[in-house]
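An overview of the molecular structure
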Amino acid sequence: MASNLLAGKVGIISGALNEESIAWKVALKAHAEGARFVLTNAPLAMRMGEINKLSELCNAPIIPADATSMEDLEKLFSGAQEHLGGKLDFVLHSIGMSANIRKGKHYGELNYEWYQKTLDVSALSFHKMLAVAEKQDAFNEWGSAVALSYIAAQRAFLDYTDMSQAKAMLESIARSYGQRLGKLKKVRVNTISQSPTKTTAGTGISGFDAFYEYADRLSPLGNAPAEACADYCISLFSDLTRYVTMQNLMHDGGFSTTGISEEIVELMSKANS
């Protein structure tokens, strides 16, 4: 049930591709909670996805932007402020891409040009967004920037390859820029480390279905669904979390702090019998 948590707030939501996207669900919930915002994605992703449908549902304009391009980001932030009639209260970074994963490259055979592109698209783009926002003084005081991460930033996971380093860099950028923007404008910067989620990007990883099932059986609460992650994003955009910043917030049903579960023990016992 909506509670008008974001009434009067305005922002930018990036990365909505289709109905499976976490960013898509964040947009719907932000709209229901009274926010106004601009949607953005890379031109190629826009052609592949259904963002125009989301735009109609939320009455939100679309400003295409390549998140690796400073020029595009400058147009995005200036255009968003012009359309929304003032400075921003929130920004969602939900952007990630690895050609190495798409091409099935294992960790020992990574294409380094693709690797650099992974880091640029998936992590440095967050720094670029925040740098443009700082340059344009685009945030209101007590604004909030949130980026979506994954526990592979801290632990080794098969087949996540160069995205592991991208997520680690993303979380580091949030800490460093959180300190800077907090002092400059009381803006909070956080990352959310989400459970494995059945999005277009997630299911593109080799062995995803098996790991999704494993994480679900290990986590005391089960995998956190995309809708719940969207709720968490909304709480971080709201005034209820004004003093939460520079954090990587685990949203994984307890997976990150569980050693083993009864369900996993049962599976291992059956496998060994």
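Since this is a predicted model, take the numbers as computed values, not measurements.

Overview of the overall build of the chain
Scanning the chain from terminus to terminus reveals ten helices and six strands. By principal-axis analysis of the C-alpha atoms, the chain measures approximately 65 × 45 × 40 Å. Considering the chain as a whole, with its 273 residues, one finds that 52% of them fall into the buried category. Taking the intrachain contacts of the chain between residues at least 6 apart in sequence as the baseline, contacts between residues at least 24 apart amount to 76%. In the chain, the 26 positive side-chain charges and the 30 negative ones have mean positions that sit 5 Å from each other.

Topic: the sheet that holds strand E3 (residues 88-93)
Spatially, E2-E1-E3-E4-E5-E6 is the arrangement adopted by the six strands of the open sheet, whose pairing is parallel. The open sheet is flanked by strand E2 (36-40) and strand E6 (248-251), the only strands paired with a single partner. The mean angle between the axes of side-by-side strands here comes to 20 degrees, regardless of whether they run parallel or antiparallel. As paired strands, strand E4 (residues 139-149) and strand E5 (residues 188-194) are joined by six bridges and run parallel to one another. By the bridge assignment for E5, Ala145 is matched with Val189. Its contacts with the sheet put helix H1 (residues 22-32) on strand E1 (10-14), E2, E3, E4 and E5, and the angle it makes with E1 is roughly 160 degrees. Of the strands in this sheet, E1, E2 and E3 are in contact with helix H4 (residues 70-84), which crosses E2 at around 150 degrees.

Some words on the packing of aromatic side chains
Scanning the entire structure with this criterion turns up nine aromatic pairs. A ring pair is formed by Tyr150 and Phe157, whose centres lie 5.7 Å apart and whose planes are at 45 degrees; its orientation type is tilted. You can call Tyr150 buried: its relative accessible area is 10%. Taking 6.3 Å as the distance between ring centres and 85 degrees as the angle between the ring planes, the aromatic pair formed by Tyr214 and Phe255 counts as edge-to-face. With Tyr214 in helix H8 (residues 208-218) and Phe255 in the loop between E6 and helix H10 (262-272), this residue pair connects regions lying 41 residues apart in the sequence. Here Tyr214 falls in the partly exposed class, since its relative accessible area comes to 36%.

Considering the side chain of Thr197
Take Thr197: it is sitting in the loop between E5 and H8. A polar side-chain atom of Thr197 sits 3.1 Å from a polar atom in the side chain of Gln194. A polar contact is formed between the side chain of Thr197 and the backbone oxygen of Ser195, at a distance of 2.7 Å.

A short note on a negative patch on the surface
On the surface, a cluster of negative charge is contributed by Asp216, Glu262, Glu263 and Glu266. If one sorts the elements of the negative patch by residue count, H10 sits on top with three residues. With respect to the secondary-structure elements, Glu262 resides in helix H10.

Side note on unusual backbone geometry
A positive phi angle, close to 60 degrees, is found at Asn4, a residue other than glycine. Take Asn4: it is sitting in the segment before E1. The exposure class of Asn4 is exposed, given its relative accessible area of 51%.

With respect to the packing of H8 against H10
Contact pair H8 / H10: the axes reach a minimum separation of 7 Å and the direction vectors enclose 125 degrees. Here H8 is positioned oblique relative to H10, judged by the angle of their axes. Taking contact as the criterion, the partners of Tyr214, Arg217 and Leu218 in H8 are, on H10, Glu263, Ile264 and Leu267. When its residues are assigned to classes, the contact of H8 with H10 shows four nonpolar, no polar and two charged.

Cut-offs used in this document
- Residues numbered from 1 in each chain as written.
- Predicted model: local features only at pLDDT ≥ 70, side-chain atom pairs only at ≥ 80, totals over all residues.
- Heavy atoms only, no water.
- Helix = DSSP H or I, 4+ residues; strand = E, 2+ residues; numbered from the N terminus.
- Buried < 20%, exposed > 50% of the residue type's maximum accessible area, 1.4 Å probe, protein only.
- Contact = heavy atoms within 4.5 Å.
- Lys, Arg positive; Asp, Glu negative; His and termini not counted.
- Charge placed at Lys NZ, Arg CZ, Asp CG, Glu CD.
- Pairing = 2+ DSSP bridges.
- Axes fitted to C-alpha atoms, helices over the stretch in contact; angles between N-to-C directions.
- Phe/Tyr/Trp six-rings, centres within 6.5 Å; stacked < 30°, edge-to-face > 60°.
- Polar contact = N/O pair within 3.5 Å; in protein donor to acceptor, adjacent residues only side chain to side chain.
- Patch = residues over 30% accessible without salt bridge, like charges linked within 9 Å, V, L, I, M, F, W, Y side chains within 5 Å.
- Areas by Shrake-Rupley, 256 points an atom, 1.4 Å probe, with all protein chains shown as cover.
- Salt bridge = Lys/Arg side-chain N within 4 Å of Asp/Glu carboxyl O.
- Parallel < 35°, antiparallel > 145°, perpendicular 65-115°, else oblique.
- Nonpolar A, V, L, I, M, F, W, Y, C, P; charged D, E, K, R; others polar.

Read these as layout, nothing more, since geometry by itself doesn't imply function.
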